[in-house]
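Structural overview for review
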Amino acid sequence: MSQKPVEIIFSTTQNYLPYYIVLARSIGHNLRGRPFKIHVMYTTSFNPIPDADWAKYTDSMRNSLSDLPGAQVNFCDITNLMPMLQGQNVGMWGKQISLTHYIYLLAQTALPDSDRVIYMDGDMICNCDLSDVFDMDMTDKSIAMAEHSGGDDLSEKELSPTASNSGFLVLNLKRWREQNTMNAILAFGRKLQKTSFCDQALLYYYFAVNHPDEIMYVDPRYNIFPGAFPEIPTAEMKVLHFTSYRDPKPWLHLGGYSWRGSDIWWRHARNTAFYENFIDAIVDRKIQMPKPQAPKRGLARLWKHIRKMKF
């Protein structure tokens, strides 16, 4: 087995880090002792949190990975690089226009010592050893994506029936630097027509349509919506993607065994410093609901009982 660390990119705003910590646990657990390095590329441009809270978050991430051999964490503030993303013709994502989906495209500059990285969305959970995709031959390829598996009706309609979801990527940064891909793709994005699919559309039109020789496709199970494929056991899914479109975010539902794959997410969440915070947020949300959705007294009593338990 290669002992070269598997390198992962998390690109995020500060307030989203707790969910990436759960993902990091799942990655390290499945690597079974191989060294790995998490690059947290974050910005304070959106949803900033107080410095004291950010210190707690970063400590919690390191503490949550401390029992996994070979775990390293690199926090990279790319706020000063965010102006490079200006001019991208971003569409609406939910209720707001967001440049945060493009952060990982800055890795070519932000991570000068990394030749290859795996990028993963924060609403995923890893259910496999990522060594195979990290070590695969990408000599003449710039990017790898999970082959389109179906179940994404919206992007199929707006982009293409074969457009891959951008939540899981392998970036050959060595080749990106050789070909100056970052600047080329950002220049291309400034001319792209407005789309609802942000970076996903940018990758599709730049690579799949205009530079198909630079892209390779891997097993679709590396980026799969568990609710869209009831015929596939979740144990056989390599990376589960809880997009909200098909599958609710696991951290919004307590005891979510009714949602496919959420039990896998919670299994890893229990081994993080944020486990009780996730439960706090769910119960608090239910307590705040107007009647008759949630009887506040009953939930308050339930929460007093839960808080006495040891997790």
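Residues numbered from 1 in each chain as written. Predicted model: local features only at pLDDT ≥ 70, side-chain atom pairs only at ≥ 80, totals over all residues. Heavy atoms only, no water.

This next bit is on the overall build of the chain. Helices and strands together make up the secondary structure of the chain, namely 11 helices and 11 strands. Expressed as a percentage of its 311 residues, the buried residues of the chain come to 54%. Long-range pairs, those at least 24 residues apart, make up 75% of the contacts in the chain between residues at least 6 apart in sequence. Put simply, the chain shows about 14,500 Å² of open surface, and 50% of that area lies on carbon and sulfur atoms. (Helix = DSSP H or I, 4+ residues; strand = E, 2+ residues; numbered from the N terminus. Buried < 20%, exposed > 50% of the residue type's maximum accessible area, 1.4 Å probe, protein only. Contact = heavy atoms within 4.5 Å. Areas by Shrake-Rupley, 256 points an atom, 1.4 Å probe, with all protein chains shown as cover.)

Looking now at the sheet that holds strand S9 (residues 168-172). On the basis of which strands lie adjacent, the open sheet formed by seven strands has the order S3-S2-S1-S6-S9-S8-S10 and mixed pairing. Every interior strand has two partners, whereas the edge strands, strand S3 (71-77) and strand S10 (215-218), have only one. Direction aside, neighbouring strands of the sheet carry axes that sit 25 degrees apart on average. Bridge count for strand S8 (residues 143-146) against S9 is three bridges, and the pairing is antiparallel. By the bridge assignment, Met 145 is partnered in S9 with Leu 169. Its contacts with the sheet put helix H1 (residues 17-31) on strand S1 (6-13), strand S2 (36-43), S3 and strand S6 (116-120), and the angle it makes with S1 is roughly 170 degrees. Strands S1, S2 and S3 of the sheet are contacted by helix H2 (residues 51-65), whose axis makes an angle of about 160 degrees with S3. (Pairing = 2+ DSSP bridges. Axes fitted to C-alpha atoms, helices over the stretch in contact; angles between N-to-C directions.)

Note on placement: Gln 179 falls in helix H6 (residues 173-179). Its relative accessible area of 38% is what places Gln 179 among the partly exposed residues.

With the rule as written, the count across this model stands at seven salt bridges. Salt-bridge contacts for Asp 135 lead to Arg 34; the nearest nitrogen and oxygen are separated by 2.7 Å. With a gap of 101 residues between them, Asp 135 in helix H4 (residues 131-135) and Arg 34 in the loop between H1 and S2 connect regions that are remote in the sequence. With a closest N to O distance of 3.0 Å, Glu 178 and Lys 174 form a salt bridge. In this pair, Glu 178 and Lys 174 both sit in helix H6, four residues apart, roughly one turn of the helix. For Glu 178, a relative accessible area of 54% gives the class exposed. (Salt bridge = Lys/Arg side-chain N within 4 Å of Asp/Glu carboxyl O.)

Our next topic: the packing of aromatic side chains. According to the stated counting rule, one finds 21 aromatic pairs in the structure shown. Taken together, a centroid distance of 6.3 Å and an interplanar angle of 40 degrees make the contact between Trp 176 and Phe 207 tilted. One end of the pair, Trp 176, is in helix H6; the other, Phe 207, is in helix H8 (residues 198-209), with 31 residues separating them in the sequence. Plain terms: the ring middles of Phe 274 and Phe 278 are 6.3 Å apart, the flat faces sit at 35 degrees to each other, and that makes the pair tilted. Relative accessible area serves as the criterion here: at 5%, Phe 278 is assigned to the buried category. Ring pairing ties together the aromatic residues Phe 10, Tyr 16, Tyr 19, Tyr 20, Tyr 57, Trp 251, Trp 265, Trp 266, Phe 274, Tyr 275 and Phe 278, which thus form one cluster. (Phe/Tyr/Trp six-rings, centres within 6.5 Å; stacked < 30°, edge-to-face > 60°.)

For H1, which comprises 15 residues, the first-to-last C-alpha distance of 21 Å matches the rise-based estimate of 21 Å (1.5 Å per residue) to within 8%. Within H1, 14 of the 15 residues are buried, leaving the element largely enclosed by the surrounding structure. Arg 32 occupies a position one or two residues after H1 and carries a positive phi of about 55 degrees. (Expected span 1.5 Å × (residues − 1).)

Inspection of the secondary structure puts Ser 60 in helix H2. Take Ser 60: its relative accessible area is 14%, and that puts it in the buried class. Every residue in contact with Ser 60, bar those within four places of it in the chain, is listed here: Ile 21, Ala 273 and Phe 274.

Before going further, it helps to examine the nonpolar core. Counting residues in each nonpolar core, the largest one holds 60 residues, and the members touching the most others are Phe 10, Met 61, Ile 118, Met 120, Leu 130, Phe 168 and Trp 265. Look past the residues within four positions of Phe 10 in its chain and what remains in contact with it is Tyr 20, Leu 23, Ala 24, Ile 27, Ile 38, His 39, Val 40, Met 41, Met 61 and Met 120. If you look at the next biggest cluster of nonpolar residues, it comprises 35 residues, including Ile 9, Ile 143, Leu 173 and Tyr 206. (Core = buried A, V, L, I, M, F, W, Y, C linked by side-chain atoms within 4.5 Å.)

Overall, the prediction assigns the chain a mean pLDDT of 87, with 86% of residues at 70 or greater. The low-confidence segment residues 305-311, where pLDDT is below 50, has six contacts with residues more than four positions distant or belonging to other chains. (pLDDT = per-residue confidence, 0-100.)

Attention now goes to the packing of H1 against helix H9 (residues 262-269). Relative orientation of the contacting elements H1 and H9 amounts to 90 degrees, with a least axis distance of 8 Å. In terms of orientation, H1 and H9 fall into the roughly perpendicular class. Together, Tyr 19, Val 22, Arg 25, Ser 26 and His 29 of H1 and Trp 265, His 268 and Ala 269 of H9 make up the contact between the two elements. (Parallel < 35°, antiparallel > 145°, perpendicular 65-115°, else oblique.)

As a further point, take unusual backbone geometry. Leaving glycine aside, a negative phi is the common case for residues, and trans is the common case for peptide bonds. Of note, Asn 47 is a non-glycine position whose phi angle comes to about 50 degrees, a positive value. Tracing the sequence through the fold places Asn 47 in the loop between S2 and H2. Residue Cys 198 is not a glycine yet carries a positive backbone phi of 40 degrees. Along the chain, Cys 198 turns up in helix H8.

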